[in-house]
Amino acid sequence: MPHLTLRGFLSFLLTLVLAAAGGGLASAVGLPAGWLMGSALAVTIAAMAGLPVRLPDGLRNVIFILIGMSMGATVSPDSLSLLASWPISLAALALELAVIIATTGWMLTRFFKLDPGTAYLSSFPGHLSFVMGIAATGVGDARQIVIIQVIRILMLTIAVPIGATFLPIDHFEIKQATAFLGPLQLGLLALGCAAVGLVFMRLKVPAGMVLGAMAAATAAKLGGLYTDAIPLPLVVLTFVLTGAMIGSRFVGITRSEFLAAAKGGVIATAMTVGIVTLVAFIVSQLVDMPFGQLWLGLSPGAIEGMGALGIALGYDTAFIAAHHVIRLLMLSVAIPVVVVFIRRHERALAQQRHN
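What comes next concerns the included structure.

Here is what the cut-offs are and how they apply
Residues numbered from 1 in each chain as written. Predicted model: local features only at pLDDT ≥ 70, side-chain atom pairs only at ≥ 80, totals over all residues. Heavy atoms only, no water. Helix = DSSP H or I, 4+ residues; strand = E, 2+ residues; numbered from the N terminus. Buried < 20%, exposed > 50% of the residue type's maximum accessible area, 1.4 Å probe, protein only. Contact = heavy atoms within 4.5 Å. Areas by Shrake-Rupley, 256 points an atom, 1.4 Å probe, with all protein chains shown as cover. Core = buried A, V, L, I, M, F, W, Y, C linked by side-chain atoms within 4.5 Å. Polar contact = N/O pair within 3.5 Å; in protein donor to acceptor, adjacent residues only side chain to side chain. Phe/Tyr/Trp six-rings, centres within 6.5 Å; stacked < 30°, edge-to-face > 60°.

### With respect to the overall build of the chain
Across its full length, the chain holds 14 helices and zero strands. When the helices and strands of the chain are listed from N to C terminus, the series reads α-α-α-α-α-α-α-α-α-α-α-α-α-α. Per-residue burial over the chain gives 49% buried out of 355 residues. Relative to all contacts within the chain whose residues are 6 or more apart in sequence, the contacts with residues 24 or more apart total 76%. For the chain, the computed accessible surface area is about 16,300 Å², with 71% contributed by carbon and sulfur atoms.

Encoded structure:
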């Protein structure tokens, strides 16, 4: 199928060019995390305009490995001193998730007249693959759910850099590296990250490839196997590819479908951002951490996007990754429980109509 292969390659090339151009423009105007935010926005616009943007499926795991490597390489032993304050932020995370699910699910049901399955599966802040797996069994409208969920991921990716630009948010200064890993070291580190990532995936760990790669890179660094930084061009490439991956999630969504779900998705995401911001502010009064770092750790964005933003803004990626892992574990328990209640509610309504 040479024609299809060539067309797929050209679509991939177009996606890379658009992502790089969008990221370069955003970076040139001085936006924090510009390479990530700009590439995500450019590919999203292209996908919604009907351009043939795509990323090969096999490339996604490569992107996850690069993100995990970059996150692990930025972890320093000093970050472990913050462990004592994590219970406070983790308790806040659990409370925050309950409030987000309850309020946004109620809002989508009450004001946008979505059925409970669609409304509450759309309100879960994360674990998209699990949510879509549940939707595929017949709970809710899968198309509307994916649109609302992808809008959440995109808005959060864009909101953080804009907030860092216009709001008085303190964060760790990004240390300028002077020594970088060589090709051989990078290759060995990548192989180790890929191996551990595959093990994590085999064990069904949420976001297994990203977390496995980060675990391997972190362990190697804390174990003294390497001390140098990831080369800047590779970090920029990671941001561009991550942005392209976020934007390409809009492929296949028609404008009418997007508009039908967009309003509810934007309002639900705005509510989520408001809740996260309030909770992060309260926690920042109790622990000695930058507000922006707490916000990223508590935010319900995709771990690859939030991890990349953490790297770009100079935050403690160990803190961010740990909170996102625990959020996914909490959701792994919460999603089936809520779905059981949804099913019971639907059966009760059906019985009432029958009677």
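### Let's talk about the nonpolar core
Buried together is how nonpolar side chains tend to be arranged in soluble globular proteins. Counting residues in hydrophobic clusters, the biggest one holds 90 residues, and the most contacted among them are Leu189, Cys193, Ile230 and Phe250. With near-sequence residues (within four places) excluded, Leu189 lies in contact with Met69, Leu181, Ala217, Ala220, Tyr226 and Ile230. Counting residues in hydrophobic clusters, the runner-up holds eleven residues, among them Phe124, Val131, Ile335 and Val339.

### Here's the deal with the side chain of Thr118
The topology assignment puts Thr118 in helix H5 (residues 116–123). Polar side-chain contacts of Thr118 include one of 2.7 Å to the side chain of Asp115. Only 2.7 Å separates the side chain of Thr118 from the backbone nitrogen of Asp141, close enough to count as a polar contact. Setting aside chain neighbours within four positions, we find Thr118 in contact with Gly140, Asp141, Gln144 and Ile145.

### A look at the packing of aromatic side chains
Both the distance between ring centres and the angle between the ring planes are used here to describe each pair of aromatic rings. Under the counting rule described, the total for this entry stands at two aromatic pairs. Note on Trp86 and Phe319: the rings are 5.7 Å apart at their centroids and 75 degrees apart in plane angle, and the pair reads as edge-to-face. Separated by 233 residues along the polypeptide, Trp86 in helix H4 (residues 86–111) and Phe319 in helix H14 (residues 317–354) bring together distant segments of the chain. The interplanar angle of 85 degrees and the centroid separation of 5.5 Å between the aromatic rings of Trp106 and Phe111 together place this pair among those described as edge-to-face.

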